[in-house]
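Residues per chain are reported as follows:
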Amino acid sequence: MCTIPRPILTTDLQLYWKAFRVNREVEDIVISWFAAGAPLALTKDSFPEFLQAANTAGSTGTDAVAVSLFEMFDTDGNGKVDALEILGAAVVLAQGNVDAKMATLFRIFDFAGTQSFNFDEMDIFLRCVCRGLAKVCNVIALSDGELMESCKQMFDANNLPYEQLIKTDQMRRWLGSDVEAASFVATFHGTISLPAAEESLAQSEALQAEVFSDLSNGSEVVPVKELSTSTAFREAFGNPSLEKLRRLIGTMANGKLTVSLRRYVMAARAWNAFLFLDEDDTERIPGKELPDLLHLRDHEAPDSGALHLHKGMNLIQNGEIRLGEWVAVSCAKTA
């Protein structure tokens, strides 16, 4: 299974690609690329023109930015970049749903226009998309052997000899049903814009802080009964079910009749970070998301020591982190 946590995009160059919309700026680039003859290699001279089609959100602004974007992909320094790597990464990281992204990728890589791929074309497809994503997100790319194995699994799952063609609808089914493939798609489709995440978390924390201030009457503690009956408190934490709310307050109080400001703040930060990642409200997320949880909770990237410490707390069970355990662990050393 894909063990890479959802990448958190922090630099201007990474966020440049996140600003695209798959049916707008990315579509404009794809159309322009096809009109130019679909060149596979781009140079420093042709690269700015390649990007110019997306001038709504993708205007590079300065030549220096265009050069930096070019260098992001020119990792071997030969003065050329692979257009398929760039397009693959741009599609996956853009705003839009998975179906729209898959349709665009199929158009780009369907060289013969048959809505099907032979084995070698499938290998090129996966290789270019994965390499492009690795370069933008600064993660380790899957090896050639792993990508080759994925191609074999895709054909095998459809009972197809490797000499035959696989159709796009068969690829869609495999990408949605194969656990490893689905995990990889979800990881990069769900990349996180750090500025957007920080804005969302700050808004939640501000509302929660206001509630504590109102209920505590300026003191450092608030009675449990006040939290339990406060509509404002429940709304500030996203209107959870009464049972979910009861468990949250129980963790905050830790057996006491009052909740301290420190435990309230730590529980709130842990809660907010988890809910930001738990988009389907399942109260569980993959264990691989621990680095992201820590980053969003603490407002800074975790070091290896923090990761090792939390992994040693038996936080991850059966490959998952649950909301209740996460909040409890976050509050464990807070009075």
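Shown above is the structure to which this text applies.
Residues numbered from 1 in each chain as written. Predicted model: local features only at pLDDT ≥ 70, side-chain atom pairs only at ≥ 80, totals over all residues. Heavy atoms only, no water.

K.L.:
Whenever I open this one, the overall build of the protein confuses me. Can you help?
P.N.:
Across its full length, the protein holds 18 helices and 10 strands. Of the roughly 16,600 Å² that the protein leaves accessible, carbon and sulfur atoms contribute 51%. A distance of 6 Å separates the average location of the 30 positive side-chain charges in the protein from that of its 46 negative side-chain charges. (Helix = DSSP H or I, 4+ residues; strand = E, 2+ residues; numbered from the N terminus. Areas by Shrake-Rupley, 256 points an atom, 1.4 Å probe, with all protein chains shown as cover. Lys, Arg positive; Asp, Glu negative; His and termini not counted. Charge placed at Lys NZ, Arg CZ, Asp CG, Glu CD.)

K.L.:
What am I meant to see in the side chain of Gln-208 here?
P.N.:
By secondary structure assignment, the location of Gln-208 is in helix α11 (residues 194-216). Relative accessible area serves as the criterion here: at 2%, Gln-208 is assigned to the buried category. The residues touching Gln-208, leaving out its near neighbours within four places in the chain, are Ala-236, Phe-237, Tyr-264, Ala-268 and Asn-272. (Buried < 20%, exposed > 50% of the residue type's maximum accessible area, 1.4 Å probe, protein only. Contact = heavy atoms within 4.5 Å.)

K.L.:
In this structure, what is going on with the nonpolar core? I would like to understand it.
P.N.:
Burial of nonpolar side chains together is a common tendency in soluble globular proteins. Grouped together as the largest cluster of nonpolar side chains are 59 residues, with contacts concentrated most on Trp-17, Phe-47, Phe-50, Phe-109, Met-122 and Phe-125. It is helix α7 (residues 119-137) that contributes the most residues to this core, 10 residues altogether. Here Phe-125 is in contact with Leu-105, Phe-106, Phe-109, Phe-117 and Met-171, once residues within four sequence places are set aside. Core analysis: the second largest hydrophobic core is formed by 41 residues, Val-222, Met-252, Val-259 and Ala-273 among them. (Core = buried A, V, L, I, M, F, W, Y, C linked by side-chain atoms within 4.5 Å.)

K.L.:
What is the right way to look at helix α5 (residues 83-93) in this model?
P.N.:
Counted residue by residue, α5 has 11 buried out of 11 residues, so it is predominantly covered. At the N-terminal boundary of α5, the capping side chain belongs to Asp-82, with an oxygen 2.8 Å from the backbone nitrogen of Leu-84. (Polar contact = N/O pair within 3.5 Å; in protein donor to acceptor, adjacent residues only side chain to side chain.)

K.L.:
Looking at this model, I keep getting lost on the state of the cysteines. Mind explaining?
P.N.:
In a disulfide, the sulfur atoms of two cysteines are covalently bonded to one another. Counted by the stated rule, this structure contains 0 disulfides. Left without a disulfide partner, Cys-128 is nearest to the cysteine sulfur of Cys-130, which lies 9.5 Å away. Cys-130 provides the cysteine sulfur closest to Cys-151, a residue in no disulfide bond, and the two sulfurs are 9.4 Å apart. (Disulfide = S-S within 2.5 Å.)

K.L.:
In this structure, what is going on with the pattern of salt bridges? I would like to understand it.
P.N.:
Oppositely charged side chains can pair when the atoms bearing their charge come close. Tallied over the full model, the rule gives 16 salt bridges. We note a salt bridge from Glu-279 to Arg-6, for which the minimum N-O separation is 4.0 Å. Here the residue Glu-279 occupies a position in the loop between α15 (261-277) and β9 (284-286), and Arg-6 occupies one in the segment before β1 (8-9), the gap between them amounting to 273 residues. Judged by its relative accessible area of 65%, Glu-279 falls in the exposed class. Between Asp-144 and Arg-131 there is a salt bridge, and its shortest N-O distance comes to 3.5 Å. (Salt bridge = Lys/Arg side-chain N within 4 Å of Asp/Glu carboxyl O.)

K.L.:
Looking at this structure, how should I read the packing of aromatic side chains?
P.N.:
Geometry of an aromatic ring pair is reported as the spacing of the ring centres plus the angle between the planes. What the rule picks out here adds up to 21 aromatic pairs. Each ring, one from Tyr-16 and one from Phe-20, has its centre 5.2 Å from the other, and the planes form 70°; the classification is edge-to-face. Judged by relative accessible area, Tyr-16 falls into the buried class, the value being 9%. Through pairs of rings, three or more aromatic residues link up here, namely Phe-106, Phe-109, Phe-111, Phe-117 and Phe-125. (Phe/Tyr/Trp six-rings, centres within 6.5 Å; stacked < 30°, edge-to-face > 60°.)

K.L.:
Sorry if this is basic, but what is going on with the packing of helix α9 (residues 168-177) against helix α10 (residues 179-189) here?
P.N.:
A pair of packed helices is captured by two measures, namely the crossing angle of their axes and the spacing between those axes. Here α9 crosses α10 at 85°, and the two axes come no closer than 5 Å. Judged on the interaxial angle alone, α10 and α9 are roughly perpendicular. Facing α9, whose interface residues are Trp-174, Leu-175, Gly-176 and Ser-177, α10 presents Val-179, Ala-181, Ala-182 and Val-185. Residues that form the contact of α9 with α10 fall into these classes: 6 nonpolar, 2 polar and no charged. (Axes fitted to C-alpha atoms, helices over the stretch in contact; angles between N-to-C directions. Parallel < 35°, antiparallel > 145°, perpendicular 65-115°, else oblique. Nonpolar A, V, L, I, M, F, W, Y, C, P; charged D, E, K, R; others polar.)

K.L.:
Honestly, helix α2 (residues 25-35) in this entry has me stumped. Any pointers?
P.N.:
Every α-helical turn comprises 3.6 residues, leaving residues that sit three or four positions apart pointing alike. Buried residues of α2: Glu-25, Val-26, Glu-27, Ile-29, Val-30 and Trp-33, and no others. If you follow the buried residues of α2, they end up packed against α3 (47-52), α5 and α6 (98-109). Of the residues one or two after α2, Gly-37 is the one with positive phi, at around 95°.

K.L.:
Quick question: what am I supposed to make of unusual backbone geometry here?
P.N.:
Negative phi is the rule for most residues except glycine; trans is the rule for most peptide bonds. In this structure, Asn-159 takes a positive phi of about 55° despite not being glycine. Within the element layout of this structure, Asn-159 appears in the loop between α8 (144-157) and β5 (166-167). Among the residues examined, Asn-159 registers a relative accessible area of 70% and is labelled exposed. Phi angles above zero are rare outside glycine, and Asn-314 is one such case at about 55°. Turning to its location among the elements, Asn-314 is positioned in the loop between α17 (304-311) and β10 (320-322).

These results come straight from atomic positions and should not be treated as a statement about function.
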